[in-house]
Amino acid sequence: LCSCPPPHPKWKQVTLGHIPPPFPTLLLAPHHGRSWGEDTGRRPRFPSCHLSLLPGSATIPSLKHRLQRNVAAMAWKPLCASILAVACQSCVLVWHLDPTSLSTRPSSGCAQVLSYPGHSPVTSLAWAPSGELLLSASPVDTTMLVWDVSTENCVQLQWFGGGGVTYLAWSPDGSKVLAATPSAVFRVWEAQMWTCEWWPTMKGRCQTGCWSPDGSRLLFTVLGESVIYSLSFSEYRGEMQGQVGGSKTASIVADLSETTFETLYGEERVGGEAHSMVWDPTGERLAVIIRGNVAPWLCCNCSFFLFSSSGFLRGECGAQPQLIAFHPSFKKGALLTVVSWLDSMLFEVFSSPDGSGIL
Amino acid sequence: MSLVTLVISIFNAEFYAVVPSIPCSRLALIGKIIHPRQVIHSVVHAIMGMLVAWCTAVMTKGKFQFLAVSCTTSESLDDALPQMCLNEYHLFFLLSGAFMGYSYSLLYLINNMNYLPFPVIQQYKYLRFRRSLLLLIKHSCVESLYFVRNFCVAYYFFGYIPKVWISTTMNLHLDSELHPLDSLTGLLDISLFYHAWLCGVFLLITWYIAWLLFKIHATETHHFPVQPTFAEETDQCLPKILNSNPPLIIKFLALQDLMLLSQYSPVRRQEVFSLSQPGGHPHNWTAISRECLSLLSDLTQRLIAQQEAAAANGRVKQPAGELKVSPQTPGASNIIPRASMSSLVKPSLTPLKTLSGSDVGSPLSSPSLNCKMGILGVNSPWHVSVQSPQVTRRGPKLWTSDSDLQMNGSHQKSSPVVSAARVGSEVVQPRFIYTWLQNKQEQIKNFLAKRVLIMYFFSKHPEASIQAVFSDAQMHIWALEGLSHLVAASFTEDQFGVVQTTLPAILNTLLTLQEVVDRYFKLPHVSSKPPRISGSLVDTSYKTLRFALRASLKTALYRITTVFGEHLNAVQVSTEHKKRLQQFLEYKE
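The notes below deal with the structure included here. (Residues numbered from 1 in each chain as written. Chains lettered and ligands numbered in written order. Predicted model: local features only at pLDDT ≥ 70, side-chain atom pairs only at ≥ 80, totals over all residues. Heavy atoms only, no water.)

The helix and strand inventory of chain A stands at 0 helices and 28 strands. As presented, chain A carries roughly 15100 Å² of accessible surface, and 55% of it is formed by carbon and sulfur atoms. (Helix = DSSP H or I, 4+ residues; strand = E, 2+ residues; numbered from the N terminus. Areas by Shrake-Rupley, 256 points an atom, 1.4 Å probe, with all protein chains shown as cover.)

In structure tokens form, the structure reads like this:
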């Protein structure tokens, strides 16, 4: 156990002032590590995002658009330095930003509006890792849209049963997409011929999931259970196969139920349901937010799938971690960034280089 | 009925095109409509429409069934034979069928429905069909409504012609008891409307389904072998097809297959990177990369030529220092205004309208084409500026289609830039006659340019001209994706290093193309998106191909730089390109 490490010298502290307690979203831009927070705009006059750029630039652009209400998700386009997709109430906004510009208020002409009748509110977005397609999904629409952003064409993928989509995750090798629904079923689509397979869960809906870097393993958690399941997929070979290739059952790889630890400071109770999970790009580390605590787990990506906990991260008293992300291309191990939410409504961003072995 | 469907399908197969032909001016559009091929298309469709209407009329029975029925007059004289009267309802049906057939054919032409768009994502054919079916049915219903309405108007005015003609040729009498249909009371018949609409829906649904099935099957991916295993297959293997000059659709399918294999198929990628036995030459990779690079350099050249034409169009004939007030004539592409024209100027009455690509539906919109020609100084050839209220919104003068570029070269004799090119090849005396002819031509053109009606037909629409430049950009997009995926994959999969030797050439081509595309996008109207109509059966993706090209070019460069990283510094490229690559590496582009 350790208390929160000092802020990484490369990051600015981002404060957003008084903001109503919505769900802040954090993303790491590819390679650069730009981060920003936003508010989901319960008050329509603040539907803005604030970007903080790397050291050296003092400008924090803010993105405002009249259609940018109730932002629920944002995603940077991979293999690109300037395109950001924002999921709003009635549409998807795609911002084209100039990474070298000093303007603090990009005009709304920089935003492309992708809308489709009946597809709102849009709550999840996922870019294809090869950068060409954008998936958008809504929990009340049984159609998932595959957008070709530059031509603004979309293809509707429809299925029957299960409601809309609450969570989307594209595997890093570009072969499969996880789509969790509000009911006790989740689907995995393969991204070549766009066919899908579905798995029923026992108790509740699939809360969160993440893919291994080669797309062969899916870890997911279910609402109401404090375990992590793993589903394996057959090796991706050839083309036009149109098969997802998932195994029939998922196995439990980690049990996150509450336990007590003896520490220097007394007893600590840790455990519970996993709130969100991320897997680092090398496949060696998995970070899980468990009901208020962050627990980086060490795991090996070999055929013997070992899973062992390497420690816990805890923030300041009262801080609740909301978002975690690994740096996409950190060369010295893994760089984890945690955005946590303090009661006094201030943001604090800190990151800890994992290689040093403090944990 | 099956005969009809067969004929329609034959026409679909004959008329398809993978590259849409975009008419750049109204005259070109009219030319397209009256082209004999199109006329045959329309006539046959009209006949087919009539046949279908006849089938449905017969099937309906009731009052539509026969062309001639016995008259209802009861007070006629006591004839031995009952008189035969023309059943106007039947005639109405047949004619509406013909009209619908003709309108279908016209819309087919205008909406470029012969264009085969390749799908954004690959899906099984049945799923694609099922996905489009609902939209197709909805579209047919709505369109049939429009057709029936238009036909009713046409019949109201012109219905008597066929009526009289048929009744005289077939010796039928016009029934005086019933209301003639070409009057308002006759036409306001709900059951007639309903039947005609239903017939139209049926006709359109069958024809659209035939068109959709053709589209889906023609754009299905085809697997081309990279390394031929049997001797008969040598002609079908991918490198060979790319290097020869096959019909355009085959080339498209081959490039699509290249794009897919580069992303999804490690086995076929190995074949691409393999060396030939016994020579040890990387034939496959050389052929593929050479073809892709030549496609891309072709596009680069084309864009450069367009930019130079745009620049030359804006150049002054005699570099005059002062600004001349332009006449009201909108610009034509080949006209260089003479200095003497300034005396004919009137202040322009039409307001300056921006040539935004804001027309929906048809490719040409009427009012916004009126633009003024400006005579600006040489230093700002394509800068859209409004110098004074009367002057200079640079108009469609900038826009030339490809065919004009060849003509342009021979017409601009007065521009010192272009004339230098022609000097060498001409002898003195023919040149005198030639220049005299050119003078006369220019005088005629200037005279005609003042006639607004002529200009209405001849002026080039900028948005359409831009789309025409990029009409086959789908090939280039696939070439970019295939090439960049292969290069990215070669970082780990290329055992013999065949890609490394071509890496400088690839990077050079890509970076040059990106420069040229960025410059092209600074021209007016290029970066404005045409409005998108969602939920329409007609595919307009060819209108936004330039944006897809620009995006995939950037992504291709990022893909290569991300995979290779710092190793790119060891590749031999010019310093200018090295600087740009560094920008890509730092994610600053």
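Picture the strands of a sheet paired through backbone hydrogen bonds; they go either parallel or antiparallel. Residue and element names in this part refer to chain A. As summarised here, the arrangement of the 4 strands in space is E4-E5-E6-E7, forming an open sheet in which the pairing is antiparallel. Strand pairing shows two members of the sheet lacking a second neighbour, strand E4 (73–76) and strand E7 (111–114), which therefore form its edges. Along the sheet, successive strands turn relative to each other by an average axial angle of 20°, direction set aside. Looking at chain direction, E4 and strand E5 (residues 83–87) are connected through 4 bridges and run antiparallel. Paired with Ala-75 across the two strands is Ala-85, which belongs to E5. (Pairing = 2+ DSSP bridges. Axes fitted to C-alpha atoms, helices over the stretch in contact; angles between N-to-C directions.)

All names here are of chain A. Pairing within the open sheet is antiparallel, and its 4 strands lie in the order E8-E9-E10-E11. This sheet does not close on itself; its edge strands, each paired only once, are strand E8 (124–127) and strand E11 (153–158). Each strand of the sheet is rotated relative to its neighbour by a mean of 20°, with strand direction disregarded. The pairing of E8 with strand E9 (residues 133–137) spans 4 bridges and is antiparallel. Bridging from a neighbouring strand, Trp-127 pairs with Leu-134 of E9.

In this section: unusual backbone geometry. Residues other than glycine seldom take positive phi values, yet Glu152(A) does so here, at roughly 60°. You can call Glu152(A) buried: its relative accessible area is 10%. Although it is not a glycine, His525(B) sits at a positive phi angle of roughly 75°. Residue position: His525(B) is located in the loop between helix H19 (503–520) and helix H20 (545–564). (Buried < 20%, exposed > 50% of the residue type's maximum accessible area, 1.4 Å probe, protein only.)

Turning our eyes to something else, we now look at the interface of chain B and chain A. Taken together, the 37 residues of chain B in the interface contact 38 residues of chain A. Here chain B meets chain A over a buried area of about 3200 Å², counting both sides, of which 58% is carbon and sulfur. Among the residues chain B hides against chain A, the three largest losses belong to Tyr264(B), Arg532(B) and Tyr587(B). Together they make up 24% of the total. Our count for the contact surface shared by chain B and chain A stands at 1 salt bridge. In this structure, the salt-bridge partner of Arg559(B) is Glu132(A), at a minimum N-O distance of 3.0 Å. Counting every contact that joins chain B to chain A gives 2 residue pairs in polar contact (both at pLDDT 80 or more). (Contact = heavy atoms within 4.5 Å. Buried area = accessible area lost by both parts, 1.4 Å probe. Salt bridge = Lys/Arg side-chain N within 4 Å of Asp/Glu carboxyl O. Polar contact = N/O pair within 3.5 Å; in protein donor to acceptor, adjacent residues only side chain to side chain.)

Before going further, it helps to examine the nonpolar core. Residue and element names in this part refer to chain B. Judged by nonpolar contacts, the single largest core of 73 residues is most densely connected at Leu-238 and Trp-285. In terms of domain composition, this core takes at least three residues from each of domain 1 (1–71 + 83–218) and domain 2 (233–311 + 462–586). Residues in contact with Trp-285, not counting those within four places in the same chain, are Val-272, Phe-273, Arg-290, Leu-483, Leu-486, Val-487, Val-498, Val-499, Thr-502 and Ile-506. By size, the runner-up hydrophobic cluster in this structure holds 37 residues, among which are Met-113, Phe-151, Tyr-155 and Leu-203. (Core = buried A, V, L, I, M, F, W, Y, C linked by side-chain atoms within 4.5 Å. Domains from an automatic or database assignment.)

Turning next to the packing of helix H4 (residues 88–110) of chain B against helix H6 (residues 160–169) of chain B. Residues and elements named next belong to chain B. The contact between H4 and H6 brings their axes to 11 Å, and the two run at 120°. By the angle between their axes, H4 is oblique relative to H6. Where H4 crosses over H6, the two elements pack in a sense that is right-handed. Along the contact surface, H4 presents Glu-88, Leu-91 and Leu-95, while H6 presents Pro-162, Lys-163 and Ile-166. Considered class by class, the residues forming the contact of H4 with H6 number 4 nonpolar, no polar and 2 charged. (Parallel < 35°, antiparallel > 145°, perpendicular 65-115°, else oblique. Left-handed = near helix turned anticlockwise from the far one by under 90°. Nonpolar A, V, L, I, M, F, W, Y, C, P; charged D, E, K, R; others polar.)

It is worth spelling out the environment of Ile205(B) at this point. Residue and element names in this part refer to chain B. On the secondary structure map, Ile-205 appears in helix H8 (residues 190–218). Counting along the chain gives 28 residues from Ile-205 to Glu-233, while the straight-line C-alpha distance between them is 40 Å. Among all residues touching Ile-205, those that are not within four sequence positions of it are Leu-136, Ile-137 and Ser-140.

For the rest of this paragraph, the subject is the packing of helix H3 (residues 36–60) of chain B against H4(B). All names here are of chain B. The N-to-C vectors of H3 and H4 enclose an angle of 145°; their axes lie 7 Å apart at closest approach. At the point where H3 passes H4, the crossing takes the right-handed sense. Between H3 and H4, the contacting residues are Gln-38, His-41, Ser-42, His-45, Ala-46, Gly-49, Met-50, Ala-53, Trp-54, Thr-56 and Ala-57 on the first element and His-90, Phe-93, Leu-94, Gly-97, Ala-98, Gly-101, Tyr-102, Tyr-104, Ser-105, Tyr-108 and Leu-109 on the second. Along the lines of polarity and charge, the residues of the contact of H3 with H4 split into 12 nonpolar, 10 polar and no charged.

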